[in-house]
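# Observations on the model geometry
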Amino acid sequence: MSSTFFGLNIGYSALNAYSVCTNTVANNVANANTPGYSRQVTNLSAKGALRNYTYGTLGSGVDAESITQMRNNYYDVKYWTNNSNIGQYEKKIYYMSQIENLFRDDDDSIEGFVSIYKTMTNSLESLKGSGADLYIRTQFINNAQSLMEYFNNMSYNLKSLQSDCNQEVRALVAEVNSYAQKIAILNDKINTIEIQGRHANELRDQRAYLIDQLSQLVPVETEETQVMNSNDPDKYLGGTNFRIRLQGQLLVDGNEFNQLECYARTDKVNQNDIEGLYDIRWAHTGNEFYASADTMSGQLKAVLDIRDGNNKENFQGTLSNVDSINKKIYITDPNITNVEGMNMPPTGQITIANRVYNYSSFEMTVTVDEKGNETATYSFELTDKDLSTLGGKVGKDVSIGRAIDARGIPYYMSQMNEFLRSFCRKFNDIQIYGNGDGSLVPGSSDEYLNGGVDIDGNQMGAFFISKMPSGKENTFEDTHLADGKKNTSTTYRSDESNYYYMTAENAAVNDKSMKDSRYFASSSKTDEEESEAGLVDKMIDMHSKDVIYRGSDGVQFLEYIVTDVTVDGQEAEILYSNYSDIGVTMDTYRMSVFSVDEDEEGLDLVKFQNAYNLASKIISTMNQMYDRLITQTGV
């Protein structure tokens, strides 16, 4: 049964409800440009009706039941997934542009590989018929050293860039941990509010905004479940459990979070890596976190791909035999079959059937059959004490490092090494053997019939050398002697002086030639006079006719490298543009749901103002009626 003043209560409920609606509109307008803010709405519902025996039921007014944010989880998830791809390719463009600038060659402003290489070959042309001219010899030697210094500088710059990537990996991991901690704290605050039956709209907005930023770094998988009573599974307790996963592992679990940590590698993965590169693992379990996996995306993956990318050209093969007594394993079917392509460190870790072992040295033996076909086999000397299980792994896959499907710094370093080893080896062979066939003078074991001689008629050694950390020059004498004798098999050891030790970092012209231009072979033993410069034509032909790199001559080196860099850069730009367009579309859908439209808020403001005025009119009218009833009606 309604009371006498029932109408006033109805009007009062309307005043309260539309006052809340107006305040919500005011809050929306105030936060129209606040990053991450979601539009809020007041949810109105009719109050419970009263039973009336005359009329049946009688409405009792309106309630402002709750204030909730306008948010669509489907659009959020799609946006976060796409945002990881945007972050990945945006970061990749940044680093690829730096690599492209390093290999830039512009005759007008920047003297790069092609300019230096052509200058060297042009000075070699000048030696024709002038082999004894010390000025021309000095000019060529200096130009050859300039080419080596070009690679030295490229190695330094690429290693500096690798160091920058390494530091950014550490910074990005710290940033991921920071976001995880902040989100866990917000989860706790959200539950504190919502378990009381209210909605933590602003806190939820802050959490979503943090996930927006986190998704640029790593791909996130989110899940939110209601907290139910363990004794009554159908009873909702008011809170939620919000989780974030990376690679299926929990990063955030309600108000708890797990951290990633960086730790320095004890062994190199690639021959030319800098020391102390960081790997990533979960701090609470110690399990590896593979941020460069194919299923990953985000800025962290992009940086690791640039830092570690080897284009899947890491050492791979098949375990063929195990010598447990001497702690040696033998590898067949390797993907690296020549000394020019070797890119593994001299000591490190080798993975056999997903288990890691340590090796202290290795050697590659290249065997040539009667038809001229070459076969390469490897042996590694292991340092692990327990090798009992290796016998059962014969036929299993073997690898050093991980195959990363990206062309990063290790790839470009390896390509420079491959070019240098091939180029310098062919050039040195002409210097040492003359015609390069290694023909021996009958009855002699150390003199070559057509061997190159310096200006004083002495047997020439290696012109291009590599400088060892000890300061000693690696002149590849053992390698040349083996080649010169035309062995049917040649062994390259990781602890000997061979072309494996020549890298872009340490390649140089030998000090003796740099100090005295007389020490350079422009003629062979068969030339009557040094001025005839009989070897020069062979050196010139080597540059233009011999296969030095990827089936082409030397000058093509930069074209191939620049093509690789350009293709990768353009691919990154295209994918970034595509994902950015998708991101704009997804953001438009999101904004259509939760963004504040000032025109719409203006209309709502007018609507709620009119409703509030009408509620006030109801109270005013009811007041007049009660005044007539109470004060002006005689009883």
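For the structure, see preceding data.
Described below are features of the structure shown in this document.

Parameters at a glance
Residues numbered from 1 in each chain as written. Predicted model: local features only at pLDDT ≥ 70, side-chain atom pairs only at ≥ 80, totals over all residues. Heavy atoms only, no water. Helix = DSSP H or I, 4+ residues; strand = E, 2+ residues; numbered from the N terminus. Expected span 1.5 Å × (residues − 1). Polar contact = N/O pair within 3.5 Å; in protein donor to acceptor, adjacent residues only side chain to side chain. Buried < 20%, exposed > 50% of the residue type's maximum accessible area, 1.4 Å probe, protein only. Contact = heavy atoms within 4.5 Å. Salt bridge = Lys/Arg side-chain N within 4 Å of Asp/Glu carboxyl O. Axes fitted to C-alpha atoms, helices over the stretch in contact; angles between N-to-C directions. Parallel < 35°, antiparallel > 145°, perpendicular 65-115°, else oblique. Nonpolar A, V, L, I, M, F, W, Y, C, P; charged D, E, K, R; others polar. Pairing = 2+ DSSP bridges. Phe/Tyr/Trp six-rings, centres within 6.5 Å; stacked < 30°, edge-to-face > 60°. Lys NZ or Arg CZ within 6 Å of the ring centre and 35° of its normal.

Moving on: helix H4 (residues 134-194). Within an α-helix, residues lying three or four positions from one another point in the same direction, as the helix has 3.6 residues per turn. In this model H4 runs 89 Å from its N-terminal to its C-terminal C-alpha over 61 residues, within 8% of the 90 Å that 1.5 Å per residue would give. You can read the cap of H4 off the contacts: a side-chain oxygen lies 2.9 Å from the backbone nitrogen of tyrosine 135, and it is on aspartate 133.

Tracing the backbone through its elements, the reader meets asparagine 177 in helix H4. Judged by relative accessible area, asparagine 177 falls into the buried class, the value being 9%. Not counting chain neighbours up to four residues away, the residues in contact with asparagine 177 comprise Asn258, Gln259 and Leu260.

Okay, the pattern of salt bridges next. This structure, assessed with the given rule, holds 29 salt bridges. One salt bridge in this structure joins glutamate 601 and arginine 39, with 2.7 Å as the shortest N-O distance. On the criterion of sequence distance, the pair formed by glutamate 601 in helix H12 (residues 598-631) and arginine 39 in the loop between helix H1 (6-30) and strand S1 (40-46) is long-range, its members being 562 residues apart. Arginine 39 shares its class with glutamate 601; the two are buried.

Turning our eyes to something else, we now look at the packing of helix H7 (residues 409-433) against helix H11 (residues 556-594). Interaxial distance between H7 and H11 falls to 11 Å at its minimum, and their mutual angle equals 170°. Taken together, the axes of H7 and H11 are roughly antiparallel relative to one another. Seen from H7, the contacting residues are Tyr411, Tyr412, Gln415, Met416 and Phe419; seen from H11, they are Phe557, Ile561, Asp564, Val565 and Asp568. Class assignment for the residues of the contact of H7 with H11 results in seven nonpolar, one polar and two charged.

With that out of the way, let us pick up H1. The terminal C-alpha atoms of H1, which comprises 25 residues, lie 37 Å apart, in line with the 36 Å expected from a rise of 1.5 Å per residue. Every buried residue of H1 is listed here: Phe6, Gly7, Gly11, Ser13, Ala14, Leu15, Ala17, Tyr18, Cys21, Thr24, Val25 and Asn28. In this structure, the buried side of H1 is in contact with S1, strand S2 (50-52), strand S3 (56-58), strand S4 (62-69) and H12.

Moving on to the sheet that holds strand S18 (residues 464-467). Reading across the sheet, the three strands line up as S19-S18-S21 and stay open at both edges, with antiparallel pairing between neighbours. Looking at strand neighbours, the two that pair on one side only are strand S19 (473-474) and strand S21 (507-509), the edges of this open sheet. Bridge count between S18 and S19: two bridges; the pairing is antiparallel. Bridging across to S19, serine 466 finds its partner in asparagine 474. Contacting S18 and S21, H4 crosses the sheet at an angle of about 165° to S21.

Once that is clear, we can look at the environment of serine 544. Secondary-structure assignment places serine 544 in helix H10 (residues 536-545). Expressed as a C-alpha distance, the spacing of serine 544 and glycine 554, which sit 10 residues apart in the sequence, is 7.0 Å.

Centre-to-centre distance and the angle between the planes together describe a pair of aromatic rings. Within this structure, the stated rule accounts for 39 aromatic pairs. Their ring planes at 40° and their centres at 6.2 Å tell us that phenylalanine 423 and phenylalanine 427 sit as a pair that is tilted. Linking phenylalanine 423 with phenylalanine 427, this pair stays in helix H7, spanning four residues, or about one helical turn. Taking the centre distance of 5.1 Å and the plane angle of 70° together, the rings of phenylalanine 427 and phenylalanine 464 count as edge-to-face. A residue pair is termed long-range when its members are at least 10 positions apart, and phenylalanine 427 in helix H7 and phenylalanine 464 in strand S18 qualify at 37 residues. Taken as a pair, phenylalanine 427 and phenylalanine 464 share a single burial class, namely buried. Between the NZ or CZ atom of arginine 281 and the centre of the ring of tyrosine 263, over which it lies, the distance is 4.1 Å.

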